[in-house]
Amino acid sequence: MAGPELLLDSSIRLWVVLPIVFITFIVGVLRHYVTQLLHNEKKVDLQQVSDSQVLLRSRILRENGKYLPKQSFAMRKHYFNNPETGFFKKVKRKVIPKNPMTDTSMLTDMMKGNLTNVLPMILIGGWINWAFSGFVTTKVPFPLTLRFKPMLQRGIELLSLDASWVSSASWYFLNVFGLRSMYTLILGQDNAADQSRIMQDQMTGAAMAMPPDPNKAFKSEWEALEIVEHRWALENVEEELMCQDLNFRGLFS
Amino acid sequence: ILSIPELFLLYRFTNYMRDKLRKWREENYRNSEQIVDVGEELINEHASKLGDDIWIIYEQVMIAALDCSRDDLAWSCLQELKRQFPDSHRVKRLAGMRLEALERYEDANKLYDSILQDDPTNTAARKRKISILRAQGKSSEAIRELNEYLEQFVGDQEAWHELSELYINEHDYAKAAFCLEELMMTNPHNHLYCEQYAEVKYTQGGLENLELARKYFAQALKLNNRNMRALFGLYMSASHIAASPKVSAKVKKDNVKYAAWATSQISRAYQMAGRGKKENKCSVKAVEEMLESMQITMS
């Protein structure tokens, strides 16, 4: 199953593996500084911040409401969900749909993002593919199925070669994601070279910025809160507390 | 000129002090005199070794200097920061804080208003304005402003805590309880909020509130076994309920049991505290007498 162990020329290590690591790292650092130069202050809308905090509070009420007395929970739920005066029922925000094509600020942001992140990745990936093609670079330590072969072994047309042996292009991509912690070490937290974090941000839709339609968010939060029941976590707290002596370790030194 | 080992020790010392300052900054310590001592030395002697950290240290030392009435130090820190960050709102806020320390509240207010005109979402300036009201003793206005602030920024926990303190000072315990509930909701594992909430409920009085107080004292103990205040609170609330004439026999029995358990734990604590000390027997006896005198007569 594992196939014969290949012995690679050590100059591959010297002239391919290490340079790729180097290049990826340098490009990442450059990207960080370029992003900082092109970065402009995002104007935060007061209404948006306020709404996002309200939604957060409602979510916390759903999750941790069981630590509050029943009446307090009911009071807050009523504040949010009351059919006439409840916050989620009463408050409608005017929504101007932001078309990404026409809204200038979003357009420039998108363009800048593409320029600094995607473009270098494509360029360098392509160059590496062209410059370092036709040979196997390294072996990943875990076995892979044959389906990965066309993806990871571009330019190597060997039918019987184990899918664990990969080409330099895949080594490059491994580096792009792997060097993330190195960037944190050198550039400090919050650095712009951190690509996977950018992708994560796009997926979770950051807690500070509102999803484009607050009304929809309100409606879904209303539904979620409506079905929550209050099960008081402190119902039997005394019994639970008293089943054993208190642990005073560390109180008296 | 320092030799190599001396240089090495100096480097280690600077790093050690820098880490200490960072810890105090991140965990919101208010040991201002210590910060001024350490920070002043670091800034005056070892500024070059601090690199970019120096700016945040300037901020930290400046605030500590204001706390200790060291206006000279605060002024020099402010000048350095102003020179480096001429248009910064953050530095403006520090300038405002210095004016507050000098009790020039009108000027401070003007400064904060100018920040807010430029950036209406700046929470720091708004909170400083509320602190000014509090410093001037205008509690009702402070409460009103804080309520307005919280309507827009429901998630600001520092503000909720400040508001609960203001309400307690005004003896408006119901509203203070509401604020503490917000804090308990967002920090369910913080035993101190549970304990404060229980104390407010105990102060409000009445059977229902005493029961809630007892429950939340117990919760605080559950979260942190070593919270002695909560232990005493548990004892007091349970004894109060047991002594009340309006409770059923079962409730009375339960509460007597809780109070007895609390007593045993308190004695245990004092015995452990006095271990190996000559005064042990006396203090344990003193605790027992105290508990007996606190015991509300049960009819």
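This structure is a prediction, so every number in the text was calculated from the model and none was measured.

*Asks:* I'd love a proper account of the overall build of chain A, names of residues and values included.
*Replies:* When helices and strands are counted, chain A shows 11 helices and two strands. Along chain A, helices (α) and strands (β) appear in the sequence α-α-α-α-α-β-α-β-α-α-α-α-α when read from the amino end. Split into buried and exposed, the 253 residues of chain A put 37% on the buried side. Contacts in chain A between residues at least 24 apart in sequence constitute 70% of all its contacts with a sequence separation of at least 6.

*Asks:* Could you give an account of the UniProt feature "repeat: TPR" (unreviewed entry) in chain B, with specific residues and numbers?
*Replies:* Per the UniProt record, "repeat: TPR" (unreviewed entry) is annotated on residues 157–190 of chain B. The span residues 157–190 of chain B carries 79% helix and 0% strand; its end-to-end C-alpha distance comes to 13 Å.

*Asks:* A description of the packing of aromatic side chains should follow, citing residues and the corresponding values.
*Replies:* All names here are of chain B. Using the criterion set out here, one finds 13 aromatic pairs over all chains in the structure. Aromatic pair Trp160 and Phe178: ring centres 6.1 Å apart, planes at 55 degrees, arrangement tilted. Here Trp160 is found in helix 9 (residues 157–169), whereas its partner Phe178 is found in helix 10 (residues 173–186), with 18 residues between them in sequence. Classification of Trp160 as buried rests on a relative accessible area of 8%.

*Asks:* So what's going on with the pattern of salt bridges? Which residues, and what values?
*Replies:* This structure, assessed with the given rule, holds 30 salt bridges over all chains. Notably, a salt bridge pairs Arg57 of chain A with Glu182 of chain B, separated by 2.5 Å at the nearest N-O pair. Here Arg57 of chain A, found in helix 2 (residues 46–64), pairs with Glu182 of chain B, found in helix 10, and the two come from separate chains. Judged by its relative accessible area of 3%, Glu182 of chain B is buried. In this structure, the salt-bridge partner of Asp67 of chain B is Arg30 of chain B, at a minimum N-O distance of 2.9 Å. With a gap of 37 residues between them, Asp67 of chain B in helix 3 (residues 53–67) and Arg30 of chain B in the loop between helix 1 (4–26) and helix 2 (32–50) connect regions that are remote in the sequence.

*Asks:* Pulling in residues and values, what's your account of the UniProt feature "transmembrane region" (unreviewed entry) in chain A?
*Replies:* Residue and element names in this part refer to chain A. Per the UniProt record, the feature "transmembrane region" (unreviewed entry) sits at residues 12–34 and 115–136. The span residues 12–34 is 100% helical and 0% strand by assignment, and the distance between its end C-alpha atoms comes to 32 Å. Note that residues 115–136 is 77% helix and 0% strand, and that its end C-alpha atoms are spaced 31 Å apart.

*Asks:* Kindly report on the UniProt feature "domain: EMC2 TPR-like" (unreviewed entry) in chain B, identifying the contributing residues and their values.
*Replies:* Here, the residues flagged by UniProt with the feature "domain: EMC2 TPR-like" (unreviewed entry) are residues 92–201 of chain B. Span residues 92–201 of chain B is 81% helix and 0% strand, its end C-alpha atoms 41 Å apart.

*Asks:* Quick rundown of helix 6 (residues 105–118) of chain B? Include the residues and the values.
*Replies:* All names here are of chain B. Between its first and last C-alpha atoms helix 6 spans 20 Å; for 14 residues at 1.5 Å apiece the expected length is 20 Å, and the two agree. Of the positions making up helix 6, those classed as buried are Tyr105, Ala108, Tyr112, Ile115 and Leu116. Buried residues along helix 6 cover an arc of 95 degrees about the axis, so they all sit on one side. In helix 6, those exposed residues whose orientation departs by more than 90 degrees from the buried face are Glu106, Lys110 and Gln117. At its buried positions, helix 6 is contacted by helix 5 (89–101) and helix 7 (123–135).

*Asks:* Which residues make up the confidence of the model for chain B, and what values do they have?
*Replies:* Predicted confidence across chain B gives a mean pLDDT of 89, with 96% of residues reaching 70 or more. At the level of chain-chain contacts, confidence expressed as ipTM amounts to 0.82, with global pTM at 0.75.

*Asks:* Can you break down the environment of Phe85 of chain B residue by residue, with the values?
*Replies:* Residues and elements named next belong to chain B. Tracing the backbone shows Phe85 in the loop between helix 4 (71–84) and helix 5. When the C-alpha positions of Phe85 and Glu100 are compared, they lie 21 Å apart, and in sequence the two are 15 residues distant. With near-sequence residues (within four places) excluded, Phe85 lies in contact with Trp55 and Val91.

*Asks:* Quick one: what's the story with helix 12 (residues 207–223) of chain B, residue by residue and with numbers?
*Replies:* With 17 residues, helix 12 of chain B ought to run about 24 Å at 1.5 Å a step, and its terminal C-alpha atoms sit 24 Å apart, in line with that. Most of helix 12 of chain B sits out of view: 12 of its 17 residues are buried. By the burial criterion, the buried members of helix 12 of chain B are Asn209, Leu210, Leu212, Ala213, Arg214, Lys215, Tyr216, Phe217, Ala218, Gln219, Ala220 and Leu221 of chain B. Buried-residue contacts for helix 12 of chain B involve helix 11 (237–242) of chain A together with helix 10, helix 11 (191–204), helix 13 (228–243) and helix 14 (249–273) of chain B.

*Asks:* Please give an account of unusual backbone geometry that cites residues and values.
*Replies:* All names here are of chain B. For Asn28, which is not glycine, the phi torsion reads 55 degrees and is therefore positive. For Asn28, the position within the fold is in the loop between helix 1 and helix 2. Although it is not a glycine, His171 sits at a positive phi angle of roughly 60 degrees. The residue His171 is located in the loop between helix 9 and helix 10 in this model.

*Asks:* With reference to specific residues and values, describe the interface of chain A and chain B.
*Replies:* Across the contact, 36 residues belong to chain A and 39 residues belong to chain B. Both sides together, the interface formed by chain A and chain B hides about 3,600 Å², and carbon and sulfur atoms give 64% of it. Lys215 of chain B is paired through a salt bridge with Glu238 of chain A; the nearest N and O atoms lie 3.0 Å apart. Run the count over chain A and chain B and you get 20 residue pairs in polar contact (both at pLDDT 80 or more). Ranked by residues supplied to the side of chain A that touches chain B, first place goes to helix 2 of chain A with nine residues. Here the side of chain A that touches chain B is composed, by residue class, of 19 nonpolar, seven polar and 10 charged.

*Asks:* Explain the side chain of Ser32 of chain B to me, and be specific about the residues and the numbers.
*Replies:* Note that Ser32 of chain B resides in helix 2. A relative accessible area of 9% means that Ser32 of chain B is categorised as buried.

*Asks:* Please provide a residue-by-residue account of the nonpolar core, values included.
*Replies:* In this structure, Leu163, Tyr216 and Leu231 of chain B are the most contacted members of the largest nonpolar core, which totals 68 residues. Ignoring anything within four residues of it in the chain, the contact list for Tyr216 of chain B reads Tyr67, Leu68, Pro69, Trp232 and Leu234 of chain A together with Met184, Cys194, Tyr197 and Ala198 of chain B. If you look at the next biggest cluster of nonpolar residues, it comprises 35 residues, including Trp24, Ile35, Val61 and Cys77 of chain B.

How each quantity is defined
Residues numbered from 1 in each chain as written. Chains lettered and ligands numbered in written order. Predicted model: local features only at pLDDT ≥ 70, side-chain atom pairs only at ≥ 80, totals over all residues. Heavy atoms only, no water. Helix = DSSP H or I, 4+ residues; strand = E, 2+ residues; numbered from the N terminus. Buried < 20%, exposed > 50% of the residue type's maximum accessible area, 1.4 Å probe, protein only. Contact = heavy atoms within 4.5 Å. UniProt positions renumbered as here; feature names shortened; annotations may be inferred. Phe/Tyr/Trp six-rings, centres within 6.5 Å; stacked < 30°, edge-to-face > 60°. Salt bridge = Lys/Arg side-chain N within 4 Å of Asp/Glu carboxyl O. Expected span 1.5 Å × (residues − 1). Arc of directions from axis to C-beta. pLDDT = per-residue confidence, 0-100. Buried area = accessible area lost by both parts, 1.4 Å probe. Polar contact = N/O pair within 3.5 Å; in protein donor to acceptor, adjacent residues only side chain to side chain. Nonpolar A, V, L, I, M, F, W, Y, C, P; charged D, E, K, R; others polar. Core = buried A, V, L, I, M, F, W, Y, C linked by side-chain atoms within 4.5 Å.

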